[in-house]
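Survey of secondary and tertiary structure
Single-letter residue listing:
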There are 4 protein chains.
Amino acid sequence: MTKSKSAKPVKAKSAGAKPRQPDVTRRNILDAALVEFAAKGLAGARVDEIAARSGSNKRMIYEYFGNKEGLWLTVLENAYTRMREEEHAIDVARMKPEEGMRYLMEFNFKFCSRNPEFIALLNAENLHKASYLKDSKKIRELYTPLLVVITDLLQRGQKEGVFRKNVDPVELYTTIAALGFFYFSNIHTLSTIFGRNLLSAKQQKIRLDHSMEVVLGFLRP
Amino acid sequence: MTKSKSAKPVKAKSAGAKPRQPDVTRRNILDAALVEFAAKGLAGARVDEIAARSGSNKRMIYEYFGNKEGLWLTVLENAYTRMREEEHAIDVARMKPEEGMRYLMEFNFKFCSRNPEFIALLNAENLHKASYLKDSKKIRELYTPLLVVITDLLQRGQKEGVFRKNVDPVELYTTIAALGFFYFSNIHTLSTIFGRNLLSAKQQKIRLDHSMEVVLGFLRP
Amino acid sequence: MTKSKSAKPVKAKSAGAKPRQPDVTRRNILDAALVEFAAKGLAGARVDEIAARSGSNKRMIYEYFGNKEGLWLTVLENAYTRMREEEHAIDVARMKPEEGMRYLMEFNFKFCSRNPEFIALLNAENLHKASYLKDSKKIRELYTPLLVVITDLLQRGQKEGVFRKNVDPVELYTTIAALGFFYFSNIHTLSTIFGRNLLSAKQQKIRLDHSMEVVLGFLRP
Amino acid sequence: MTKSKSAKPVKAKSAGAKPRQPDVTRRNILDAALVEFAAKGLAGARVDEIAARSGSNKRMIYEYFGNKEGLWLTVLENAYTRMREEEHAIDVARMKPEEGMRYLMEFNFKFCSRNPEFIALLNAENLHKASYLKDSKKIRELYTPLLVVITDLLQRGQKEGVFRKNVDPVELYTTIAALGFFYFSNIHTLSTIFGRNLLSAKQQKIRLDHSMEVVLGFLRP
DNA sequence: TATGAATGAGGCTTCATTCAT
DNA sequence: GATGAATGAAGCCTCATTCAT
């Protein structure tokens, strides 16, 4: 939906023809569902709305995903998978430790900024106590490559004497995730409370800079 | 609202008649609504369920709160108010800067731990882009006392030479909030992904300790 | 529905007033459901149609009966109960054996004739292998008073020497039921096959007379 | 229809291609439909289910039978035809009257026992007031051979003095049909009410013996 | 002939809300 | 103030049927 304007029937025959492309139909439904679910959560989302937005029809949703919950799970899995894929593409192996750490944090922060649907989806799933995620085979197989990268950076930094010792990679990962995620997850209530527009590029830069200072300040030996 | 016990006799009239205690009824509805809304969000919550759980009936909900959304807003305002009240009770004026900072972080972390409904409510409200909160007069009047306390601690710490300079109190506040809130807000998905029970006391202690190290490590001059 | 034209709101206030009489509403739904279910079976019946015909609305059906299947079961139980009540009212204790037997058969035959919905309902339930009936507590408690009456008639008849010996009451009951029920249960296909209108009073009389002859001929010593 | 094996080779073309055997496909659909319709009636049956069970697909159903109702009618006609064919094969011309009558009743009873789908189908069609049957040209041409046989047996029996006079063959036929059909048609509700398993061979024998006694007892001069 | 995707109408059920008592 | 019956709109899902390949 986002920018898949070109996702329309590739071989559109004559007018009124029914596209007969399962993959495209499926993809369109998932795109539409992501938007709807992210905007309203599982309970608030409307199957009719998803069907309409997808350019397909309700029946297809049930054909492909069984029911609303099946669609929810698939959307969730997709979002996670996409995130992990981007994470996986990160290559900081050749960067210096501190530079690498900055890069990682920047990626994490900007990923959250670019993908508000992902944020919304995760929050909604946490509302359900991750009950759908728990039943997902796919997700449990996904590990966090970021963790490996962080571990590597920490070791190299410690060896080079630029990072302190005794830092648990999992805790550091959680901290980095928190610093990026929380800001965007609570951006609307925070904006309201503080009376500032935290969505602005300026505010985002301030936040990212501060977060980096915090983590790097902490890491310094 | 909080404790506006009217002078009316708490005990019910006599035999046969149902007790007529508007305040109690109202309070019961709010309590029931908090649980229901926190568990299922605004769209997923059921007015019937709230009525049943409150021991009252649906008519009363509409009598007191107008409609479901009015109830949602009131529950939200109540949660915020209660949180702010606890925050307000904090007194770190006489503590040493570093001790005070630790105390603040601990309070924030444990408040999140003790109030999962608050977390759920905030996330749900962010899903709606804080649209209800924005319309609330009450909330906009609430400022964050914590901010004042943090500013004071920072100044004292810098004067005493135990804290670095040029630290923006708002940013630091956000960081502290993030480190506490995120862990609990995403506790179910994180537990699933990491394969650990992050709700356990042990894991919570590890996280809190790490968070403190991060913030204090960063603050050190 | 049948002749409960007078069942309308007893205390109908002004125009457009909502009758607030649970029992009447419930009764109206059951009456409407009997007609609809008998005409189309469980799967073919339409909840919308039942709601419309009952003068109430769909929501009430679910309020009182849970779902379509719950309504089906209740209608079935009601039909059985009503039938058993009429059966119970039969008093042949003072009739002579042969006269009593004729009377019983006539009642059975005419009950089927008068209650085509009952026939249809039973057939439909047999299509489901009596799965709803099996779960009904109510039905299992209903015994067949007719059986007692038949047993009594047989004994008296044998004592008086007008009936043969060694007749199993259960088998005789089944035979009598079959002779009445089958004719009405299959009346449409039989009419089509034979090219006669078996619904006519004349044909019904012929059938009843023959049936009586069969049973009494058999019973003669 | 029955065995109109065309001259085409039964075996499929060669590798890769699906077998193209219209008659087989048609037959498979009818077999699947019989089971589905008998189990759930016309309204309850699912075209998808029939297609799946037949090993073919929905398109073929519409190709051959037009629509669901067309399929229903064909299944009904087929069932009737098969029944009549079996009836037709009966040859009691050389049996003694009483023996012949016993044989007929046994056939009728056992046919019902062997063909529960036929029972279910007839009941379902009666629910529709035989509306499909009435429009069937095929069915109206089918007469009941049994009727001829019964007439012959009655005449011979009366001539030989073993049967009473003034017995209407149509009525006797109906009685015989009732005694067999009813038992199986209502076997589930009767089993539930009586608390016995009437499907057992033992119970069936008891019933058949009793039915014969009834009819023969009645026929005795 | 055969297949499976596509569809619109409609089915069952639930919900927030209102009204009579 | 309190209760529970009543309601219309709308939600999720299914079905018979058609169409493109």
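In this text, all values refer to a predicted model and were calculated from it rather than measured experimentally.

Around DNA strand F lies a shell of 43 residues, among which Lys58 and Arg59 of chain A, Arg59 of chain B, Arg20 of chain C together with Lys58 of chain D are the nearest. Of what DNA strand F places within 4 Å of the protein, 58% of the atoms are sugar or phosphate. With respect to DNA strand F, the side chain of Thr25 of chain C contributes an N or O atom lying 2.8 Å from a phosphate oxygen. Arg46 of chain D is positioned such that a nitrogen or oxygen atom in its side chain is 2.5 Å from a phosphate oxygen of DNA strand F. Looking at the surface near DNA strand F, the elements that each hand over two or more residues are helix 3 (58–65) of chain A, helix 3 (58–65) of chain B, helix 1 (22–44) and helix 3 (58–65) of chain C together with helix 3 (58–65) of chain D. Taken together, the residues of the surface near DNA strand F sort by class into 13 nonpolar, nine polar and 21 charged.

Residue and element names in this part refer to chain A. Domain parsing of chain A yields domain 1 (20–66) and domain 2 (73–219). Each side of the interface is counted separately: domain 1 has 10 residues, and domain 2 has 10 residues. In this assembly, domain 1 packs against domain 2 so that about 820 Å² is buried in total across both faces, 75% of it on carbon and sulfur atoms. Among the residues domain 1 hides against domain 2, the three largest losses belong to Leu34, Ala38 and Leu42. Together they make up 53% of the total. Seen at the junction of domain 1 and domain 2, the total is zero salt bridges. Along the contact surface separating domain 1 from domain 2 lie zero residue pairs in polar contact (both at pLDDT 80 or more). For the side of domain 1 that touches domain 2, the element with the highest residue contribution is helix 1 (residues 22–44), accounting for nine residues. Within the side of domain 1 that touches domain 2, the residues separate by chemical class into seven nonpolar, one polar and two charged.

With that settled, consider the packing of aromatic side chains. The full count for this structure, using the stated rule, is 41 aromatic pairs over all chains. Seen from their ring centres, Tyr183 of chain C and Phe184 of chain C are 5.1 Å apart, and the 90° between their planes marks the pair as edge-to-face. In this structure, Tyr183 of chain C and Phe184 of chain C share a single accessibility class: buried. Every member of this aromatic cluster is reached through a ring pair, and the members are Tyr80, Phe107, Phe111 and Phe118 of chain A.

Our focus in this paragraph is the protein's contact with DNA strand E. In the neighbourhood of DNA strand E, 43 residues make up the surrounding shell, with Arg20 of chain A, Lys58 and Arg59 of chain B, Arg59 of chain C together with Arg59 of chain D lying closest. Looking at DNA strand E alone, sugar and phosphate atoms form 59% of those within 4 Å of the protein. Ala45 of chain B is positioned with one of its backbone polar atoms (N or O) 3.0 Å from a phosphate oxygen of DNA strand E. At 2.9 Å, a side-chain N or O of Lys68 of chain B approaches a phosphate oxygen of DNA strand E. Elements that contribute at least two residues to the surface near DNA strand E include exactly helix 1 and helix 3 of chain A, helix 3 of chain B, helix 3 of chain C together with helix 3 of chain D.

As a further point, take unusual backbone geometry. Of note, Lys129 of chain C is a non-glycine position whose phi angle comes to about 60°, a positive value. Inspection of the secondary structure puts Lys129 of chain C in the loop between helix 6 (116–127) and helix 7 (131–134). Lys129 of chain C gets classed as exposed once you look at its relative accessible area, which sits at 53%. A positive phi angle is found at Asn166 of chain D, which is not glycine, with a value near 55°. Given a relative accessible area of 77%, Asn166 of chain D falls into the exposed group.

Taken residue by residue, the interface counts 48 residues in chain A and 49 residues in chain B. The contact between chain A and chain B buries some 4500 Å² in all, and 64% of this surface belongs to carbon and sulfur atoms. Per-residue buried area on chain A facing chain B is highest for Leu127, Glu171 and Phe182 of chain A; these three make up 14% of the total on that side. For the interface between chain A and chain B, the tally reads four salt bridges.

At the junction of the two partners, chain C supplies 49 residues and chain D supplies 49 residues. Here chain C packs against chain D, burying approximately 4500 Å² in sum over the two surfaces, 65% of which is carbon and sulfur. At the boundary of chain C with chain D, the tally comes to four salt bridges. The salt bridge partner of Glu213 of chain D is Arg164 of chain C, with a shortest N-O separation of 3.1 Å. Summed over the shared surface of chain C and chain D, the result is 14 residue pairs in polar contact (both at pLDDT 80 or more).

Relating one copy of the chain to the other takes a rotation about an axis and a shift parallel to that axis. When chain C is fitted onto chain D, the two copies agree to an RMSD of 0.1 Å after a turn of 180° and an axial shift of 0.0 Å. Here the two chains are linked by the operation of a two-fold rotation axis. Across chain C, the smallest distance between a C-alpha and the rotation axis is recorded for Phe218 of chain C, namely 2.3 Å. The residues that chain C uses at the interface reappear at the interface of chain D in 100% of cases, marking a shared surface.

The positions UniProt marks with the feature "DNA-binding region" (unreviewed entry) are residues 46–65 of chain A. Helix makes up 80% of residues 46–65 of chain A and strand makes up 0%, while its end C-alpha atoms are separated by 15 Å.

Inspection of the secondary structure puts Arg84 of chain D in helix 4 (residues 68–88). The residues touching Arg84 of chain D, leaving out its near neighbours within four places in the chain, are Ile193 of chain C together with Leu142, Tyr143, Thr144 and Pro145 of chain D.

As a further point, take the pattern of salt bridges. Applying the stated rule across the entire model yields 53 salt bridges over all chains. The residue Arg59 of chain A makes a salt bridge to Glu63 of chain A at a minimum N-O spacing of 3.9 Å. Taken as a pair, Arg59 of chain A and Glu63 of chain A lie in helix 3 at a separation of four residues, close to a single helical turn. Classification of Arg59 of chain A as partly exposed rests on a relative accessible area of 48%. Residue Lys205 of chain C is joined to Asp209 of chain C by a salt bridge in which the shortest nitrogen-to-oxygen separation is 2.6 Å. With Lys205 of chain C and Asp209 of chain C both in helix 12 (residues 201–219) and four residues apart, the pair spans about one turn of that helix. Residue classification places Asp209 of chain C among the partly exposed residues on the basis of a relative accessible area of 33%.

Let's shift gears to helix 9 (residues 145–160) of chain C. All names here are of chain C. When the terminal C-alpha atoms of helix 9 are compared, their 23 Å separation across 16 residues agrees well with the 22 Å that a helix rising 1.5 Å per residue should span. Every buried residue belonging to helix 9 is among Pro145, Leu146, Val149, Ile150, Leu153, Leu154 and Gly157, and all of these are buried. Those residues of helix 9 that are buried lie in contact with helix 4 (68–88), helix 5 (97–114), helix 10 (169–185) and helix 12.

On average, residues of chain A score 88 in pLDDT, and 91% of them reach the 70 mark or higher. Note that pLDDT drops below 50 for residues 1–17 of chain A; the model gives that stretch 11 contacts with residues more than four away or on any other chain.

Cut-offs applied
Residues numbered from 1 in each chain as written. Chains lettered and ligands numbered in written order. Predicted model: local features only at pLDDT ≥ 70, side-chain atom pairs only at ≥ 80, totals over all residues. Heavy atoms only, no water. Near = heavy atom within 4 Å. Polar contact = N/O pair within 3.5 Å; in protein donor to acceptor, adjacent residues only side chain to side chain. Helix = DSSP H or I, 4+ residues; strand = E, 2+ residues; numbered from the N terminus. Nonpolar A, V, L, I, M, F, W, Y, C, P; charged D, E, K, R; others polar. Domains from an automatic or database assignment. Contact = heavy atoms within 4.5 Å. Buried area = accessible area lost by both parts, 1.4 Å probe. Salt bridge = Lys/Arg side-chain N within 4 Å of Asp/Glu carboxyl O. Phe/Tyr/Trp six-rings, centres within 6.5 Å; stacked < 30°, edge-to-face > 60°. Buried < 20%, exposed > 50% of the residue type's maximum accessible area, 1.4 Å probe, protein only. Least-squares fit on C-alpha atoms with pLDDT ≥ 70 in both. UniProt positions renumbered as here; feature names shortened; annotations may be inferred. Expected span 1.5 Å × (residues − 1). pLDDT = per-residue confidence, 0-100.

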